[in-house]
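Descriptive structure summary
These are the residues of each chain, in order.
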Amino acid sequence: MEILRTPDACFDNLKDYNFEPLYVTVGNGMRMHYVDTGPKDGQVVIMMHGEPSWSYLYRHMIRNVASAGFRVLAPDLIGFGRSDKPAQTSDYSYAAHMKWTTDWFKAMNISDAVLFCQDWGGLIGLRLVAKFPKQFAGVIASNTFLPTGERDPSDAFKKWREFSQTVPEFPVSGIIKGATVKDLGEGVEAAYNAPYPEERFKAGARIFPALVPTSPDMPGAQENVDAWGALSKFQKPFLTAFSDQDPITKGADRVFQKRIPGCAGQDHKTVIGGGHFLQEDVHFELSEIIVEFMARM
């Protein structure tokens, strides 16, 4: 397997992102990057991104939540951000991502954590919760789901999947820009492009939509069925905070609320003014939601 590593210089002087880079070795010797900030004895909040974003997506929320007294961990999935990047799309699978992220999670040796997850951050992060329920104190799910392939995907997702697999040059920052409500602002698009100095660095970002289980016989579908079985017994606080302008995950919050016991009695949110990447649009509101959630625990 050919492994690519984005030069450190690509991450120099990124707007609003100057966190110390930290790494854990996962899989067959790959470096997985993560942010670790806030008081070391604070309760842990894990912020997990999807695609084609990276921990940069959480830059404002990381600072806000850490300033409130919590320790924030924000990993970059393999293939994204400052993490190493297998060069071929065939190097990636749902199972491989679970293995790599589980390696990272075990290396962190944490307990009583709260997960905030969005997009593929939920497809992977919620599987971690199902596998290690005792190490999580709660979950905030935002614009995400845990698909089992039993339902036909939306037209919006089908169009996105086809686009991702056929577009000659995968436009990372353009995808982020197209799925937010507010203008990204100067320097932000460059930061989303920073991990990918050449097209061959984008294999992980490109293949992700094709890995979403959209039929029961796809890899990951049965594992997600099993994860739902575990989550259906999850009694700890589980909050949904979906945005009002995301056609991809619209309505998935109601499924969580119906199927997960920990959703009962929670003050579930519909965050106004957010697109799919609502961390860009409503980061202040999301930070407050996290801090208030932690205070109620």
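For the structure, check the block above.
Residues numbered from 1 in each chain as written. Predicted model: local features only at pLDDT ≥ 70, side-chain atom pairs only at ≥ 80, totals over all residues. Heavy atoms only, no water.

Once that is clear, we can look at the overall build of the chain. Helices and strands together make up the secondary structure of the chain, namely eleven helices and ten strands. What you see for the chain is a C-alpha radius of gyration of 17 Å, in line with the 19 Å of a compact globule of 297 residues. Principal axes of the C-alpha set define a box for the chain whose edges measure 50 × 45 × 40 Å. Relative to all contacts within the chain whose residues are 6 or more apart in sequence, the contacts with residues 24 or more apart total 79%. With the model as given, the accessible surface of the chain reaches about 12300 Å², and the carbon-plus-sulfur share is 49%. The centroid of the 31 positive side-chain charges in the chain is displaced by 5 Å from the centroid of its 36 negative side-chain charges. (Helix = DSSP H or I, 4+ residues; strand = E, 2+ residues; numbered from the N terminus. Rg over C-alpha atoms; globule rule 2.2 N^0.38 Å. Contact = heavy atoms within 4.5 Å. Areas by Shrake-Rupley, 256 points an atom, 1.4 Å probe, with all protein chains shown as cover. Lys, Arg positive; Asp, Glu negative; His and termini not counted. Charge placed at Lys NZ, Arg CZ, Asp CG, Glu CD.)

Looking now at the packing of aromatic side chains. Summed over the entire model, instances satisfying the criterion amount to 21 aromatic pairs. Note on Tyr-17 and Tyr-56: the rings are 5.7 Å apart at their centroids and 50 degrees apart in plane angle, and the pair reads as tilted. With a gap of 39 residues between them, Tyr-17 in the loop between β1 (3-4) and β2 (22-26) and Tyr-56 in the loop between β4 (44-48) and α1 (59-67) connect regions that are remote in the sequence. For Tyr-17, a relative accessible area of 6% translates into the label buried. Between Tyr-94 and Trp-120, the aromatic rings sit 4.9 Å apart at their centres with planes inclined by 75 degrees, giving edge-to-face as the arrangement. With a gap of 26 residues between them, Tyr-94 in helix α2 (residues 94-108) and Trp-120 in helix α3 (residues 120-131) connect regions that are remote in the sequence. No difference in accessibility class separates Tyr-94 from Trp-120, as the two residues are buried. (Phe/Tyr/Trp six-rings, centres within 6.5 Å; stacked < 30°, edge-to-face > 60°. Buried < 20%, exposed > 50% of the residue type's maximum accessible area, 1.4 Å probe, protein only.)

Between its first and last C-alpha atoms helix α4 (residues 155-166) spans 17 Å; for twelve residues at 1.5 Å apiece the expected length is 16 Å, and the two agree. Of all the positions in α4, only Phe-157, Trp-160 and Ser-164 are classed as buried. Angularly, the buried residues of α4 cover 60 degrees about the axis, an arc narrow enough to put them on a single face. Seen from the buried face of α4, the exposed residues on the opposite side, beyond 90 degrees, are Asp-155, Lys-159, Glu-162 and Thr-166. Considering only its buried residues, α4 is in contact with α5 (172-178) and α7 (203-211). (Expected span 1.5 Å × (residues − 1). Arc of directions from axis to C-beta.)

Cis geometry is adopted by the peptide bond preceding Pro-52, which originates at Glu-51 and carries an omega value of 5 degrees. Counting through the fold element by element, Pro-52 comes out in the loop between β4 and α1. Residues other than glycine seldom take positive phi values, yet Asn-109 does so here, at roughly 50 degrees. Considering the arrangement of structural elements, one finds Asn-109 in the loop between α2 and β7 (113-118). Taking the relative accessible area as the measure of exposure, Asn-109 reaches 67% and is therefore exposed.

Let us now look at the environment of Ala-179. If you trace the backbone, Ala-179 turns up in the loop between α5 and α6 (188-193). Each C-alpha atom of the pair Ala-179 and Thr-25 lies 32 Å from the other, and the pair is 154 residues apart in sequence.

Attention now goes to the packing of α4 against α7. It is at 8 Å that the axes of α4 and α7 come closest, and there the two elements cross at 140 degrees. Relative to α7, α4 is oriented so that their crossing is left-handed. Residues Phe-157, Trp-160, Arg-161, Ser-164, Gln-165 and Thr-166 of α4 form the contact with α7, whose own contacting residues are Arg-206, Ile-207, Pro-209 and Ala-210. Looking at side-chain class alone, the contact of α4 with α7 contains five nonpolar, three polar and two charged residues. (Axes fitted to C-alpha atoms, helices over the stretch in contact; angles between N-to-C directions. Left-handed = near helix turned anticlockwise from the far one by under 90°. Nonpolar A, V, L, I, M, F, W, Y, C, P; charged D, E, K, R; others polar.)

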